[in-house]
Amino acid sequence: WNHRVDDDYFSQPGALFRNMTPAQQQVLFDNTARAMQGTSKAVQQLHIEHCTKADPAYGAGVAKALDVLAAAKNAR
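This structure is a prediction, so every number in the text was calculated from the model and none was measured.

Draft legend 1. Spatial organisation of the side chain of Thr32. Along the chain, Thr32 turns up in helix H2 (residues 22-35). Residues within four places of Thr32 in sequence aside, it is in contact with His47 and Val62.

Draft legend 2. Summary view of the packing of aromatic side chains. Going through the model one piece at a time under the given rule, you end up with two aromatic pairs. Note on Phe17 and Phe29: the rings are 5.8 Å apart at their centroids and 40° apart in plane angle, and the pair reads as tilted. Here Phe29 lies in helix H2 and Phe17 lies in helix H1 (residues 11-19), a separation of 12 residues in the sequence. Summarising the burial analysis for this pair, Phe17 and Phe29 share the class buried. Since its relative accessible area comes to 3%, Phe17 is described here as buried. Each member of the aromatic cluster is reached from another via a ring pair, and the members are Phe17, Phe29 and Tyr58.

Thresholds applied
Residues numbered from 1 in each chain as written. Predicted model: local features only at pLDDT ≥ 70, side-chain atom pairs only at ≥ 80, totals over all residues. Heavy atoms only, no water. Helix = DSSP H or I, 4+ residues; strand = E, 2+ residues; numbered from the N terminus. Contact = heavy atoms within 4.5 Å. Phe/Tyr/Trp six-rings, centres within 6.5 Å; stacked < 30°, edge-to-face > 60°. Buried < 20%, exposed > 50% of the residue type's maximum accessible area, 1.4 Å probe, protein only.

Remember, this is a structural readout, not a statement about activity or role.
Set out below in structure tokens:
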């Protein structure tokens, strides 16, 4: 039995993201970036693509947070 009636995996997380305040969204970006430390660039890119399908600002925010974290790590 398949509980899915369609292939819509992104509208619900997108709606939740859009209901967050900018501060909540930033916490989400930062937490996601920290949780993805040590993953390959391919895995990071796939996650960014999935976030973008939910909301373009979501994907952009995660990508930026990953870049900031990587830059901070390289500056040490």
